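Tertiary structure, described
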Amino acid sequence: MMKKWCALLFAVCLMLGFALAESAEEQCKEHARNLLTEVYGYTVEESTAFEFETTDENGKLQVRFWPVGRPEWVYSGVFDAESGRFRESQSPFTRGMRMPEGYPGESAVREVLRSAQEDSCFQYWHSNDRNELLMVMRKQGVQPTSALMEGIVTGQMSGGEALHAFFESCYGPEMGWNKALREWYEETLAVSEAEWKETPAFADGVVTYTYQPTENHAPITVTRFTGEAPAEVKAMLDNPNLAGWTPICGVLQASAPSDTLASMEDQGMLAFEKDGQRLLVALERKDEKTDWTLHPISLTALRTDVDMYIEPGSVLRSHSIVYRLSETETERFLVRTGTRRMENLEGLGCSLLEYSRMDSATGEGFWLDVASGSASKAVVYHADGRVQEETITAPIPYSLEWLDVTCLSHHAHAVLAAQGR
C-alpha cells in the first residue's frame, strides 16, 4: 500500500513539475509577446505569428523568438525566473556604425511604415503623401536625413528612394546595415510597390528648399549647389582673399527669425578651386540682416582629383563632404564646425566626425568613427559579407585645419595593420 502511495505521490509531483515548467515557459512567451507589442511596435495579431525557444539558466528565463518563415530575424529577451521581471532584450535589426542622433526606437519605425503603407505614401508619392509622411515622422520622433527632407519638400526623389532614405534616417547609411535590416527594407520596398528611379546626387545646379526641423524650431532655408553658384555666393567673391578662386559646391543654411521658436545661427560650407588647389571655407552669421563671415579652413582638407559635392550633415552644425570615386564607389567625410580656442586666439574650426568609403557593387567598405583624445572605432566590410569591428588606439587626425585628406584613408588602414588586424 505504501508503495502505491509513493508511486502516486511521485506521479503527482512529476505532473506538477511539468505543469510548473510549462507554466514558466508560457509566462516567458507572454513576456516576449509583450515586448513585441509594447517595445518593438508589432500589432497583437502580428505577435501571434512568432516562434519561440526558451531556456532557464542560472535563475534567468531566456527566450529567443522570430517571425514564422524568418528564422534569421531573432529577437531575444531575458527575465528573472522567480519574479518574471524584465532584464534586457535585443532586436535583430542593428547596424555596426553609430546610430543616428535621436533614434526613436523600432516601435516608432514600424508606426511610420504602417501608416505609410495604409495610405500608399511611397507608392504614389504625391505632395499630400510626402506631407503626410513628414507629419507622421514628426509625431513618432523620427528625424529625416537632409536627403529625405529635400526629397519631401521638392519632390525630386522617387518613392522607392524616399523609403530607402527613411530607413537611413532611422538606422544610418546602408553600408552599416546588417543582413536582417537589409532584408526588412527589401521586403518593405516590395510590399509598398514604390517606384525606384534613382535621382543623380551629382546633378549640377542650385537647389533651394525650406523645412521646419521640429514643431519647436524655426524654419530653415537650405541652398545647396554644385557647379553654377547662386548669387549670394558669387557676391562673396568681392572679398579680396578670394580673388581668383571659383566656387564649385557648397551649402548655406539660414534660420528664419522668430521670437517664439528656437533658431540657430546661420551657417554654411563652401569649396573653392584655383590653379589645381581646393579651399574649404566655413561660413556663419547671426541672422539674415548681417553679412556672412568667412573662415578659411584648409588648403589640404579637400581632394582635388575627383568630383565632389557638399550636403547638410546628420548631426547639429555638420556637413557631409562627398566624393564620387566611380559609378559605385563613394567616399564621405562627416565634419562639424565649432569654436576653436588656442592661447589668446579664437576662431571657427572644423572637426572630422566620421569617414567612410563604400563600393555598392562589391559590398566592400570601411567606416571610421573618429574620437578626439580617445580610441576610435573602425568597421571593415568585406565582399563576402563579413563585418570586422576594430578599436584604433593610435591617434587619428581629426582637425581639418591640419588634415591632409589624401593620407587619411591610408593612415586608418595602416593603423589597423600596425595593430595586427
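Residues numbered from 1 in each chain as written. Predicted model: local features only at pLDDT ≥ 70, side-chain atom pairs only at ≥ 80, totals over all residues. Heavy atoms only, no water.

Relative to the 18 Å expected for 13 residues at 1.5 Å per residue, helix H3 (residues 106-118) spans 18 Å between its end C-alpha atoms, a close match to the ideal helical length. Just downstream of H3, Ser120 is the residue with a positive phi angle, here 55°. (Helix = DSSP H or I, 4+ residues; strand = E, 2+ residues; numbered from the N terminus. Expected span 1.5 Å × (residues − 1).)

What follows concerns the packing of aromatic side chains. In total, this model carries 22 aromatic pairs according to the counting rule given. A ring pair is formed by Tyr42 and Tyr75, whose centres lie 5.9 Å apart and whose planes are at 80°; its orientation type is edge-to-face. Of the two residues, Tyr42 sits in the loop between helix H1 (2-38) and helix H2 (44-47) while Tyr75 sits in strand S3 (residues 75-80), which places them 33 residues apart along the sequence. Positioned over the ring face of Tyr42 is Arg110, at 3.9 Å from the centre of the ring. Above the face of the Tyr323 ring, Arg303 is positioned so that its terminal group lies 6.0 Å from the ring centre. (Phe/Tyr/Trp six-rings, centres within 6.5 Å; stacked < 30°, edge-to-face > 60°. Lys NZ or Arg CZ within 6 Å of the ring centre and 35° of its normal.)

In spatial order, the strands read S1-S2-S3-S4; together these four strands make up an open sheet with antiparallel pairing. Each end of this open sheet is capped by a strand with a single partner; those strands are strand S1 (50-57) and strand S4 (86-90). Put simply, the sheet's adjacent strands are angled 15° from each other on average, direction ignored. Two elements, strand S2 (residues 60-67) and S3, share six bridges in a ladder whose sense is antiparallel. (Pairing = 2+ DSSP bridges. Axes fitted to C-alpha atoms, helices over the stretch in contact; angles between N-to-C directions.)

Another aspect to go through is the pattern of salt bridges. Counted according to the given criterion, the structure contains 21 salt bridges. Its salt-bridge partner being Arg70, residue Glu183 comes within 3.6 Å of it at the nearest N-O pair. Separated by 113 residues along the polypeptide, Glu183 in helix H8 (residues 179-192) and Arg70 in the loop between S2 and S3 bring together distant segments of the chain. Residue Glu183 is classed as buried on the basis of its relative accessible area, which comes to 15%. Arg70 serves as the salt-bridge partner of Glu187, at 3.1 Å between the closest nitrogen and oxygen. Of the two residues, Glu187 sits in helix H8 while Arg70 sits in the loop between S2 and S3, which places them 117 residues apart along the sequence. Through salt bridges with shared partners, a single ionic network connects Arg303, Asp305, Glu329, Glu331 and Arg357. (Salt bridge = Lys/Arg side-chain N within 4 Å of Asp/Glu carboxyl O. Buried < 20%, exposed > 50% of the residue type's maximum accessible area, 1.4 Å probe, protein only.)

The next point concerns the pairing of S3. A regular strand places its side chains so that they alternate between the two faces of the sheet. Counting buried positions along S3 gives five out of six residues, so the element sits mostly inside the fold. In the sheet, S3 pairs with S4 via four bridges, with the strands oriented antiparallel. By the bridge assignment for S4, Ser76 is matched with Gln90. As consecutive antiparallel partners, S3 and S4 are separated by five residues, and within that stretch Gly84 has a phi angle of approximately 75°, a positive value.

Pairing is antiparallel in the open sheet, where six strands are placed in the order S5-S6-S7-S8-S9-S10. The open sheet has two edge strands with one neighbour each: strand S5 (205-211) and strand S10 (293-298). Mean inter-strand twist for the sheet, computed between neighbouring axes without regard to direction, equals 15°. Strand contacts of helix H6 (residues 146-154): S5 and strand S6 (220-226), with the helix running at about 85° to S5, the strand carrying the most contacts. (Contact = heavy atoms within 4.5 Å.)

The phi angle of most residues is negative, glycine excepted, and most peptide bonds adopt the trans form. Even without being a glycine, Glu193 presents a positive backbone phi close to 60°. One non-glycine residue with positive phi stands out, namely Asp275, at about 50°.

For the protein, the average pLDDT comes to 83, and 85% of its residues sit at 70 or higher. Here H1 stands out as the element of the protein with the lowest mean pLDDT, 57, in contrast to H3, whose mean of 96 is the highest. Confidence over residues 1-21 falls short of pLDDT 50; this stretch has zero contacts with residues more than four positions distant or in other chains. (pLDDT = per-residue confidence, 0-100.)

A separate point is helix H7 (residues 159-171). Here H7 spans 18 Å end to end across 13 residues, near enough to the 18 Å set by a 1.5 Å rise per residue. Turning to H7, its buried residues are Gly159, Gly160, Glu161, Ala162, Leu163, His164, Ala165, Phe166, Phe167, Ser169, Cys170 and Tyr171. In the core, the buried residues of H7 are packed alongside H3, helix H4 (121-124), helix H5 (127-140), H6 and H8. Just past H7, the residue Gly172 takes up positive phi, approximately 85°.

Moving on to the nonpolar core. Grouped together as the largest cluster of nonpolar side chains are 80 residues, with contacts concentrated most on Phe122, Phe166, Phe167 and Ile321. In terms of residue count, the dominant contributor to this core is H7 (seven residues). Those residues in contact with Phe122 that sit more than four places away from it in its chain are Leu113, Ala116, Leu133, Gly159, Ala162, Leu163, Phe166, Ser192, Ala194 and Glu195. Ala229, Trp245, Leu270 and Val281 belong to the second-largest nonpolar core, a separate cluster that totals 13 residues. (Core = buried A, V, L, I, M, F, W, Y, C linked by side-chain atoms within 4.5 Å.)

A word on the side chain of Asp129. Relative to the helices and strands, Asp129 is located in helix H5. Buried charge without a salt bridge: Asp129, with Arg130 as the nearest opposite-charge side chain at an N-O distance of 7.2 Å. A distance of 3.2 Å separates a polar side-chain atom of Asp129 from the backbone nitrogen of Trp125. (Lys, Arg positive; Asp, Glu negative; His and termini not counted. Polar contact = N/O pair within 3.5 Å; in protein donor to acceptor, adjacent residues only side chain to side chain.)

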